[in-house]
Amino acid sequence: MIFEILAVGLIISAILALFLDEVVYSVAALSGTFLFTALIYYLNGAMWAAIFQFVVGIGTLAILFLSGEM
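As the structure is a computational prediction, the values presented were derived from the model and not from experiment.

**Some points on the overall build of the protein**
Looking only at helices and strands, the protein features three helices and zero strands. Projected onto the principal axes, the alpha-carbon positions of the protein cover approximately 40 × 25 × 10 Å. Looking at the 70 residues of the protein, the share that counts as buried comes to 24%. A total accessible area of about 5100 Å² is found for the protein, and carbon and sulfur atoms account for 78% of it.

Now the structure itself:
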């Protein structure tokens, strides 16, 4: 049940990241996508993959947000 909720949240946040017009909202939805992916990794027992996904997602979001605002 938890995996289905996370999967639906992942799909919704990915769609929102693609179709939102404001850069800030799109980056927030993309952060949700990275977070849901990391949670799915963690619940499947891949803790290091979840940590790596989270750290890479933070770096990606920082670069996307800075380049989008400039």
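Having put the structure on the table, let's press on.
**A word on the confidence of the model for the protein**
For the protein, the mean per-residue pLDDT works out to 90, and 97% of the residues sit at or above 70. Mean pLDDT in the protein bottoms out at helix H3 (residues 47–69), which sits at 85, and peaks at helix H1 (residues 2–19), which reaches 95.

The rules behind the values
- Residue numbers run consecutively from 1 along every chain, following the written order of its sequence.
- In keeping with the model being predicted, local features are shown solely for residues with a pLDDT of at least 70 and side-chain atom pairs are shown and tallied solely at 80 or more, while totals for entire chains, interfaces and linings include all residues.
- As a rule here, side-chain values come from all non-hydrogen atoms in the structure, and water together with hydrogens is ignored.
- Secondary structure elements follow DSSP: runs of H or I no shorter than four residues count as helices, runs of E no shorter than two count as strands, and numbering proceeds from the N terminus.
- Only protein chains enter the accessibility calculation, which uses a 1.4 Å probe. A residue is then buried if its area is under 20% of the maximum for its type, exposed if over 50%, and partly exposed in between.
- Here the open area of atoms and residues is found with the Shrake-Rupley method and a 1.4 Å probe, where only the protein chains shown may cover a residue.
- Scored from 0 to 100, pLDDT reflects the predictor's confidence in each residue.

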